[in-house]
Amino acid sequence: MPLQMAVAVKEDRKKEKLLRLLTYEVVDGRPIYYRGYRGVLEGKKQPEEVMGSSTPQARLIVAIIKALLPLEGKGYVISTNEHGIKTTRGYRAVDIGVFRNGEVGWEDTYASVGPTLAVEIDVKAEIEGNAFLEYVIRKVEDLFSAGTQRIVWIFTRPRKVMLFEREKKTIIYDWKDEIELLEGIKLRLSDILKRPYG
């Protein structure tokens, strides 16, 4: 094999490996990549720069998990870290999932059922053009098809929260509004912002 061809094959393999790493979700057999993945392919960014959470996202996840912890004594299991959920069209990832006991175990696989409650913070997927809302709605529908009952989607810019529930109208809240997560557990995001770190 000529040297030039060998180098091209090596580069193609490297790109293919990077694209697998940078795949956030898969829908209808097509990958959805992390936002900013092209910067990694161009060598301008490291994978961690596009795959990691921002400080507000990370702090909100911790605060929400702390609020949800009492559910673990009421027959629920809490998961986080972009937990993979199998859907009829592929797989999706959720920032926080609250499952009923027995629905998830310690298997090295994605969850085969959607969480009762899914919490999402912002959108980590690369969205083409003006397809932002389409992405959100399709992900909500996919999670519902997997068995999810309630989705709380938090947006740090603008500071809004969308509440999706099966067979109910979508509600948009401001951060100053109190929002029920599940089983009477409520929080107000504006209060979280006033807390010191830790």
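Cut-offs and rules
- Residues numbered from 1 in each chain as written.
- Predicted model: local features only at pLDDT ≥ 70, side-chain atom pairs only at ≥ 80, totals over all residues.
- Heavy atoms only, no water.
- Phe/Tyr/Trp six-rings, centres within 6.5 Å; stacked < 30°, edge-to-face > 60°.
- Helix = DSSP H or I, 4+ residues; strand = E, 2+ residues; numbered from the N terminus.
- Buried < 20%, exposed > 50% of the residue type's maximum accessible area, 1.4 Å probe, protein only.
- Expected span 1.5 Å × (residues − 1).
- Salt bridge = Lys/Arg side-chain N within 4 Å of Asp/Glu carboxyl O.
- Contact = heavy atoms within 4.5 Å.
- Polar contact = N/O pair within 3.5 Å; in protein donor to acceptor, adjacent residues only side chain to side chain.
- 1 Å grid on protein atoms, 1.4 Å probe; cavity = no way out; pocket = protein on both sides within 12 Å on 5 of 7 lines; lining within 4 Å.
- Points joined across faces, edges and corners; volume = space filled by probe spheres on them.
- Domains from an automatic or database assignment.
- Buried area = accessible area lost by both parts, 1.4 Å probe.
- Patch = residues over 30% accessible without salt bridge, like charges linked within 9 Å, V, L, I, M, F, W, Y side chains within 5 Å.
- Areas by Shrake-Rupley, 256 points an atom, 1.4 Å probe, with all protein chains shown as cover.

Chemist: For this particular structure, what's the right way to read the packing of aromatic side chains?
Modeler: A complete count under the given rule lists 6 aromatic pairs for this structure. A ring pair is formed by Tyr24 and Tyr34, whose centres lie 5.0 Å apart and whose planes are at 55°; its orientation type is tilted. Taken as a pair, Tyr24 in strand S1 (residues 23–27) and Tyr34 in the loop between strand S2 (30–33) and helix H2 (37–41) lie far apart in primary sequence, 10 residues in all. Pair check on accessibility: Tyr24 and Tyr34 agree, each one buried.

Chemist: What exactly am I supposed to notice about helix H4 (residues 55–68) here?
Modeler: Every α-helix winds through 3.6 residues per turn, so residues three or four apart in the chain are directed the same way. Helix length check: H4 (14 residues) gives 20 Å between terminal C-alpha atoms against 20 Å at 1.5 Å per residue, within 8%. Along H4, the residues classified as buried are Gln57, Leu60, Ile61, Ala63, Ile64, Ile65 and Leu68.

Chemist: Can you walk me through the pattern of salt bridges in this structure?
Modeler: Close approach of charged atoms lets side chains of opposite charge pair. Across all of its chains, the model carries 20 salt bridges by this definition. Here Lys44 ties to Glu42 by a salt bridge, and the two come within 3.2 Å at their closest N and O atoms. Each member of the pair, Lys44 as well as Glu42, carries the same accessibility label: exposed. In this structure, Glu134 and Arg138 form a salt bridge, with 4.0 Å as the shortest nitrogen-oxygen distance. Of this pair, Glu134 and Arg138 are both found in helix H5 (residues 132–145), 4 residues apart, which corresponds to roughly one turn of the helix.

Chemist: Sorry, what's going on with the environment of Ser145 here?
Modeler: Relative to the helices and strands, Ser145 is located in helix H5. Separated by 132 residues in sequence, Ser145 and Arg13 place their C-alpha atoms 35 Å apart. Once residues within four sequence positions are removed from consideration, Ser145 is found in contact with Thr88 and Arg166. Only 2.7 Å separates the side chain of Ser145 from the backbone oxygen of Asp142, close enough to count as a polar contact.

Chemist: So what exactly am I meant to see when it comes to H5 here?
Modeler: Compared with the 20 Å implied by 1.5 Å per residue over 14 residues, the 20 Å span of H5 between its first and last C-alpha is a close match. Of the positions making up H5, those classed as buried are Tyr135, Val136, Lys139, Val140, Asp142, Leu143 and Phe144. Just downstream of H5 lies Gly147, where phi reads positive at about 115°.

Chemist: Would you mind showing me how to read the layout of surface pockets here?
Modeler: The rolling of a water-molecule-sized probe over the atoms marks out the regions of remaining empty space. Size it by volume and the largest pocket reaches roughly 490 Å³. Taken together, 16 residues line the largest pocket, and the ones lying closest to its centre are Arg30, Pro31, Ile32, Glu126 and Arg138. Taken together, the elements giving at least two residues each to the lining of the largest pocket come down to S2, H2 and H5. With 4 residues, the top contributor of residues to the lining of the largest pocket is S2.

Chemist: Where do I start with the domain arrangement of the protein in this structure?
Modeler: Accessible area lost upon the coming together of the parts is a frequently used measure of interface size. Split by domain assignment, the protein resolves into domain 1 (3–51) and domain 2 (55–194). Counting residues at the interface gives 14 residues for domain 1 and 16 residues for domain 2. Together, the buried faces of domain 1 and domain 2 total about 1300 Å²; carbon and sulfur atoms form 41% of this surface. Taken together, the connections running from domain 1 to domain 2 amount to 6 salt bridges. Between Asp28 and Arg138 there is a salt bridge whose closest N-O contact spans 3.4 Å.

Chemist: Quick question: what am I supposed to make of a nonpolar patch on the surface here?
Modeler: A grouping of Phe132, Leu133 and Ile137 is seen on the molecular surface, where their side chains present a nonpolar patch of about 260 Å² in accessible area. Tracing the backbone shows Leu133 in helix H5.

Chemist: What should I look at first to understand unusual backbone geometry in this one?
Modeler: Note: most residues except glycine have negative phi, and most peptide bonds are trans. The residue after Arg157, namely Pro158, is reached through a cis peptide bond having omega -5°. Examined against the element boundaries, Pro158 turns out to sit in the loop between strand S6 (150–155) and strand S7 (160–165). Positive phi is not limited to glycine here, since Asn81 has a value of about 70°. The residue Asn81 is located in strand S3 (residues 76–87) in this model. Positive phi values are uncommon outside glycine, yet Glu167 reaches one of about 55°. Here Glu167 is to be found in the loop between S7 and strand S8 (171–174). Residue classification places Glu167 among the exposed residues on the basis of a relative accessible area of 84%.

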